[in-house]
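Reading the structure
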Amino acid sequence: MKTKKYLRKIVPVLVATLSLCACNDDDNVIHVIDPVLTPSGAYVLNQGNYYNSLAGSIGYLDYATKTMTDSVFYASNGILPGNTLQYGMVYGSHFYAIAYESNVLFVCDLNMKMQKMVTISAPRALAAEGGYVYISNYDGHVTKLDTLSMTIVSSVSVGPNPEEMAVANGYIYVVNSDGLNYQNNYANGKSVSKIRLSDFSVVKTISVGLNPTKAVADEEGNVFVIAMGDYSSEPSVIQKIDKEDQVTSVAEASMMTINKDTLYAVKSATSDWVTYQNTYFIVNTNTLAVTDNYITDGVEVPIAIAVDPINSHIFVTSHTLGVYGANYSSAGYMKEYDAKGNYLNTYATGVNPVQVVFRYK
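Calculation criteria
Residues numbered from 1 in each chain as written. Predicted model: local features only at pLDDT ≥ 70, side-chain atom pairs only at ≥ 80, totals over all residues. Heavy atoms only, no water. Core = buried A, V, L, I, M, F, W, Y, C linked by side-chain atoms within 4.5 Å. Buried < 20%, exposed > 50% of the residue type's maximum accessible area, 1.4 Å probe, protein only. Helix = DSSP H or I, 4+ residues; strand = E, 2+ residues; numbered from the N terminus. Phe/Tyr/Trp six-rings, centres within 6.5 Å; stacked < 30°, edge-to-face > 60°. Pairing = 2+ DSSP bridges. Axes fitted to C-alpha atoms, helices over the stretch in contact; angles between N-to-C directions. Polar contact = N/O pair within 3.5 Å; in protein donor to acceptor, adjacent residues only side chain to side chain. Salt bridge = Lys/Arg side-chain N within 4 Å of Asp/Glu carboxyl O. Contact = heavy atoms within 4.5 Å.

Let us look at the nonpolar core. Nonpolar side chains in soluble globular proteins generally cluster together in the buried interior. Residues Y43, I58, F95 and M112 are the most contacted members of the largest nonpolar core, which totals 19 residues. Mapped by element, the contributors of at least two residues to this core are β4 (39–46), β5 (57–62), α1 (72–77), β7 (85–91), β8 (94–99), β9 (104–109) and β32 (353–360). Residues A251, A253, I258 and F281 belong to the second largest nonpolar core, which totals 17 residues.

This model, assessed by the stated rule, comprises 13 aromatic pairs. Ring centres of Y134 and F200 lie 5.6 Å apart, and the angle between their planes is 40 degrees; on these two criteria the pair is classed as tilted. On the criterion of sequence distance, the pair formed by Y134 in strand β12 (residues 132–137) and F200 in the loop between β17 (191–196) and β18 (201–207) is long-range, its members being 66 residues apart. On the basis of relative accessible area, F200 is assigned to the buried category, the value being 7%.

Across the sheet, 4 strands lie side by side as β15-β16-β17-β18; this open sheet has antiparallel pairing. Edge positions in the sheet fall to β15 (162–168) and β18, since each has one partner strand and no second. Across the sheet, the axes of successive neighbouring strands diverge by a mean angle of 25 degrees, strand direction being ignored. Pairing of strand β16 (residues 171–176) with β17 involves 6 bridges; the strand directions are antiparallel. In the sheet register, V174 faces β17, and the bridge partner there is S193.

Mapped onto the elements, T317 comes out in strand β28 (residues 314–322). Reaching out from T317, the side chain makes a polar contact with the backbone oxygen of P353 at a distance of 2.7 Å.

Glancing now at the pairing of strand β11 (residues 123–129). Burial runs high along β11: 6 of the 7 residues are buried. Sheet topology places β11 next to β12; 6 bridges connect them, and they run antiparallel. Its bridge partner lying in β12, A125 is registered against S136. Between β11 and β12, which pair antiparallel and follow one another directly, the connecting turn spans 2 residues, one of which, G130, has a positive phi of 60 degrees.

With that settled, the discussion passes to the sheet that holds strand β10 (residues 114–119). Taken in spatial order, the 4 strands line up as β7-β8-β9-β10 in an open sheet, and their pairing is antiparallel. Every interior strand has two partners, whereas the edge strands, β7 and β10, have only one. The average undirected angle you get between the axes of adjacent strands in this sheet is 15 degrees. Note: β8 against β9, 6 bridges, orientation antiparallel. Its bridge partner lying in β9, I98 is registered against L105.

Okay, the pattern of salt bridges next. Two side chains bearing opposite charge may form a pair once their charged atoms approach each other closely. As enumerated under the stated definition, the model contains 7 salt bridges in all. Where E252 meets K267, a salt bridge forms, and the shortest distance between an N and an O atom there is 3.0 Å. Remark: K267 occurs in strand β24 (residues 262–270) and E252 occurs in strand β22 (residues 247–252); sequence separation between them is 15 residues. What makes E252 partly exposed here is its relative accessible area of 35%.

For N342, the position within the fold is in the loop between β30 (331–337) and β31 (343–351). According to the relative accessible area criterion, N342 is partly exposed, its value standing at 41%. Spatially, the C-alpha atoms of N342 and T67 are 19 Å apart, while their sequence positions differ by 275 residues.

Our focus in this paragraph is the side chain of N137. Take N137: it is sitting in strand β12. Overall, the relative accessible area of 2% leaves N137 in the buried class. In terms of polar contacts, N137 uses its side chain to reach the side chain of T143, at 2.6 Å. Every residue in contact with N137, bar those within four places of it in the chain, is listed here: I120, S121, A122, P123, V142, T143 and P162.

A word on the environment of K190. Note on placement: K190 falls in the loop between β16 and β17. Take K190: its relative accessible area is 42%, and that puts it in the partly exposed class. Taking C-alpha positions, K190 is 24 Å from T270, a pair spaced 80 residues apart along the chain. The contacts of K190, once residues within four sequence positions are left out, are N176, I206, S207, V208, G209, L210 and P212.

Before going further, it helps to spend a moment on the pairing of strand β25 (residues 277–284). As paired strands, β24 and β25 are joined by 8 bridges and run antiparallel to one another. By the bridge assignment, V266 is partnered in β25 with Y280. Turn length for the β24-β25 hairpin, with the two strands adjacent in sequence and antiparallel, is 6 residues, and the turn residue W273 shows positive phi of about 65 degrees. Sheet topology places β25 next to strand β26 (residues 290–292); 3 bridges connect them, and they run antiparallel. Its bridge partner lying in β26, V283 is registered against V290. Connecting the antiparallel pair β25 and β26 is a turn made up of 5 residues, with L288 showing a positive phi of about 65 degrees.

Structure representation (structure tokens):
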């Protein structure tokens, strides 16, 4: 059984981290956000299909009306959000999104009106802490952006072709995929770089499985990565890095997200690239106990999973399934479930909906 290989180089999976700091544009002071927040909706990043000249878009799901509006970025700015939307994040009073092929970071307000466009080399993923946004660059670096001046202030070298990052224990953990070295079976893609935030330096390299691409952290400071393997004989597996940097393999999965001490995961596998077997399960991040089949009415070809940390609703995005397998050039869709995994709604999306990012008021 082969774990599914996606059209994009790597599909990022994210539940948006609720930020503790915000940039106040009036007084340039970083302040603490009131933790009592109400979920108001979710942005959906649709990557499009760069190779078929299908532009990406950003949609918005309004919780109050249960309606999905596509192309809200274009509607607000009159331009498309770059080629190959890769990752998005709400931090403080801004929405950040990166477009890989366009080498750009968009900074918008929460109504999607663009505030600034920053040139970034091969951006892959985002993280934020202490008034800074961090961008992993596929050329082997992590870049640091000051959210007051919206300028790049520093950069540090990590491993080859870094992907997602997780912030924990005063460090950023960034996975090094060696994704461009697939012909040599990702030979140098077996590590996580541990970056100390206080001086923005790499203090340790942690050995993990082959081709790690995804990273999240729980509320106790444990970091979880998915080593995607070789998309063939070596399966993709979740691994836990504890606060002592000890690594434990947890379960096979191709995507995940986290909320407090619960990891939500999906294993999507195929033997013929036409039919897919999808298993949804949750993991207690403290005990590593697994609960299978928490969702039974799943999607056809899952791309991303996200959980709203306030209301615990679960969202899974999907390609549509055509005669020859996943259709990478047609509009996808997203299903919503309650905290117990019961089906609630289906929403139409753009092409290749790769990420869900939550908004609060």
